[in-house]
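For reference, the chains in residue letters:
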Amino acid sequence: MRRCLSRLTLKPGARIRRYASLSSSEHALAYDVCVIGGGHAGCEAAAGAARTGARTLLLTQNLDTIGELSCNPSMGGVGKGTLMREVDALDGLCSKVTDTAGIQFQMLNRSKGAAVWSPRAQVDRKLYKKHMQSALHNYPNLNIRAGSVFDLVLGNVTRHGSSHSEVRGVKLDSGEVITCSQVVICTGTFLSGEIHIGLKRFPAGRMNEAPSVGLSASLSAAGFRLGRLQTGTPARLAKDSIDFSKMTVQYGDQVPVPFSFMNDVVENANKQIQCHMTQTTPTTHDIVRANIGQCVHIQETKKGPRYCPSLEAKVMRFPQKTSHNVWLEPEGYDSELIYPNGLSCSLPEDVQEKMYRSVPGLENVELVRPAYGVEYDHIDSRELGPTLETKRIKGLFLAGQINGTTGYEEAAGQGVVAGLNSGLSALRKPPLVISRAEGFIGVMIDDLIVKGAEEPYRMFTSRSEYRMTLRSDNADLRLTEKGRAAGVVSDARWVRFEATRAEVTRVTELLRSYVLSPQKWQSYGFDRKRDGAMKSAYELLRHRNVPIQALTTVLPELNAVHPHILARVETDAVYSSHLRRQEADLRVFLEDESLSLNPHLDYDTVEGLSSEVKERLAKVRPTSIGAAKRMEGMTPSSMIYLLRHARRTNAVKLPGGSPSALADDVEILTS
């Protein structure tokens, strides 16, 4: 093989690092895509790349930990459940595995509108890992092997008169080189990870698992901006040392709703476990305050998760509160461990025991494994494009906590996008991009690549401007057809999707065609004003006091329709008037997104822009006018100058490739 040696342009003062090269004497295995890491991002990335038809290799340090639930034994939740449904709509794995491994299911926010309903499941750790590994080991086009990646193998390529780096392979710490054209890094908290317990600190990505150090050096030498973030996990408690009688019992839904659109039922619907809830006390908080100086994790200035914070952070941030909720979650059917959700900390081990025993029901609790904090490297996610490919190195994709996010579901959403696009790129096919208007995955990625992550990023429904459209129940209608067009959705899923879509359409038309006068509706027992206006059964569903089941007396054909279909039609009807108003906002958004910007635009040549705005644009390098408008610090005047320059230099293109012929700058900016 010919020698491939990368010569990168480094930051001033950066240490020169010569990357791995290939020589004729080295034996190199050849793949299209190499995925590094077997966590939630890595599993979805590996399956996604293989689903495109690309020859894919999943590399991980320990084969036994593929699909490990490294923190809480649950999947889904507010915002997160929608992410999982979207991964499933693109034929991903996590929802199907959760339906098999889940041991308690709940639909959160049932008392609110369907736009914020969120599926959540307690999961058996062993079952989840078992079924995820089984799915991957039998996945077409995918090989899996143990190995620790020490370095990236890069080459130089000249395009448009300038030199760029591109992926040629990876080098393991054994010295072995594996060639590939695409690499997806999904290292989670392992990238130069360090565990903190009290004032003790030691290198690890998870307890008793070594961190990945070589890749951090490779990324830093390539010029990537690296930062440090923090997260943590609570102690694991001995089940038989807990007095559950002092706690509130929490049950699962009587009829669980599956995560996957491929399933009508979940496997363990009749074997759901109980969870319990308790609370911290003023004594708990006093112990934390008295020992806060013994936590290196808290004393240092790295950013931790705002929305899943440690107990120390909650006590410091909300000093007026005398208690915080704690959920006791079993780790599996045959596990004797309990996960105390809400008691994450990094106090010294002897202090942890006192703190835990100050909680009602935990007076005699035994800590099987101490709580700890983790600090790890992440890159500035503004270094990425919407496919999660880096702007610096062609063929290098990043997904998961390396991009500044927190949570299994956020990692899975990034993993499926990075995996699919790495495979499509390897096969020289068009990319698959999910916009803010199409999914929560698109919202998350857009937030990351436009704004970056100053603290661990978590998905919420409130982050989306179009949450009435982007619901958990309609993820398949939004994304499955898009995935099929890209060639990444299986025949089995497509057949089921088409059947579902046809049935939803049939039932909707049935309801719309059944039109009665107010008097006639009243004769059937429905409360309707006698205003003379004819109303269809579909319109009647907009009223909160008219469930779709009530219409079965008028339309007995509905009795033969599957409850999942009825629920979807009912939700569409309830939101129909709101959706019409939101369609206008969507049209404006899509107009802006259709105006793509040259990612290599020299912003120093744009007259009228301030130095600060030029610096922001050069750092983010937005790929569309819409993305530029969403950047922090962008003013209407800045957008006018940018649009005028881009039009004059043909840097703004319509999807078809022709220069934009917009008539009025101000109209575009104020729309």
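Everything below is about the structure shown above.
Residues numbered from 1 in each chain as written. Predicted model: local features only at pLDDT ≥ 70, side-chain atom pairs only at ≥ 80, totals over all residues. Heavy atoms only, no water.

Draft legend 1. Structural view of the side chain of E331. By the element assignment, E331 lies in the loop between strand 18 (325-330) and strand 19 (337-341). E331 gets classed as buried once you look at its relative accessible area, which sits at 7%. Of note is the side chain of E331, whose polar atom sits 3.0 Å from the side chain of R236. Among all residues touching E331, those that are not within four sequence positions of it are P73, V123, D124, R125, R236, L337, I338 and Y339. (Helix = DSSP H or I, 4+ residues; strand = E, 2+ residues; numbered from the N terminus. Buried < 20%, exposed > 50% of the residue type's maximum accessible area, 1.4 Å probe, protein only. Polar contact = N/O pair within 3.5 Å; in protein donor to acceptor, adjacent residues only side chain to side chain. Contact = heavy atoms within 4.5 Å.)

Draft legend 2. View of the sheet that holds strand 21 (residues 372-379). Strand order in this open sheet of four strands is 13-12-21-14, and the pairing throughout is antiparallel. With one partner strand each, in any of the chains shown, strand 13 (200-203) and strand 14 (226-233) form the two edges of the open sheet. Pairs of neighbouring strands in the sheet enclose a mean axial angle of 25 degrees, with direction left out of account. (Pairing = 2+ DSSP bridges. Axes fitted to C-alpha atoms, helices over the stretch in contact; angles between N-to-C directions.)

Draft legend 3. Quick peek at the packing of aromatic side chains. By the definition in use, this model includes four aromatic pairs. Between the aromatic rings of F105 and F259, the centroid separation amounts to 6.4 Å while the plane-to-plane angle is 55 degrees, which identifies the pairing as tilted. In this pair, F105 is assigned in strand 5 (residues 102-108) and F259 in the loop between strand 16 (248-250) and strand 17 (275-279), connecting sequence segments 154 residues apart. Aromatic ring contacts, followed pair by pair, group Y514, W521 and F526 into a single cluster. Above the plane of the ring of F261 lies R85, whose end atom (NZ or CZ) is 5.5 Å from the centre. (Phe/Tyr/Trp six-rings, centres within 6.5 Å; stacked < 30°, edge-to-face > 60°. Lys NZ or Arg CZ within 6 Å of the ring centre and 35° of its normal.)

Draft legend 4. Layout of the sheet that holds strand 5. One open sheet accounts for three strands, arranged 4-6-5; its pairing is antiparallel. In this open sheet, the two strands that pair with only one neighbour each are strand 4 (74-76) and strand 5. Geometrically, the sheet is characterised by an average inter-axis angle of 20 degrees between neighbouring strands, direction not taken into account. Relative to strand 6 (residues 118-123), strand 5 runs antiparallel, the two being bridged by six bridges. Pairing of G102 across the sheet is with V123, part of strand 6.

Draft legend 5. Spatial organisation of the pattern of salt bridges. Under the criterion given, the structure shown has 40 salt bridges. The salt bridge partner of E68 is K129, with a shortest N-O separation of 3.3 Å. In this pair, E68 is assigned in the loop between strand 3 (56-60) and strand 4 and K129 in helix 4 (residues 125-137), connecting sequence segments 61 residues apart. Here D572 and R471 are joined by a salt bridge, their closest N and O atoms 2.6 Å apart. Of this pair, D572 sits in helix 16 (residues 563-593) while R471 is found in the loop between helix 11 (440-451) and helix 12 (475-485), placing the two residues 101 residues apart along the sequence. Like R471, D572 is buried. One connected set of salt bridges, linked through shared partners, spans R225, D380, R382, E383 and R392. (Salt bridge = Lys/Arg side-chain N within 4 Å of Asp/Glu carboxyl O.)

Draft legend 6. Region of interest: the pairing of strand 3. Among the five residues that make up strand 3, five are buried, leaving the element largely enclosed by the rest of the structure. Across the two faces of strand 3 the burial is the same, with T56, L58 and T60 and L57 and L59 all buried. In the sheet, strand 2 (residues 33-36) pairs with strand 3 via four bridges, with the strands oriented parallel. From the neighbouring strand, V33 faces strand 3, where its bridge partner is T56. Taking the sense of rotation as the criterion, the β-α-β connection linking strand 2, helix 1 (residues 40-51) and strand 3 turns out right-handed. (Right-handed = clockwise from strand over helix to strand, strands pointing away.)

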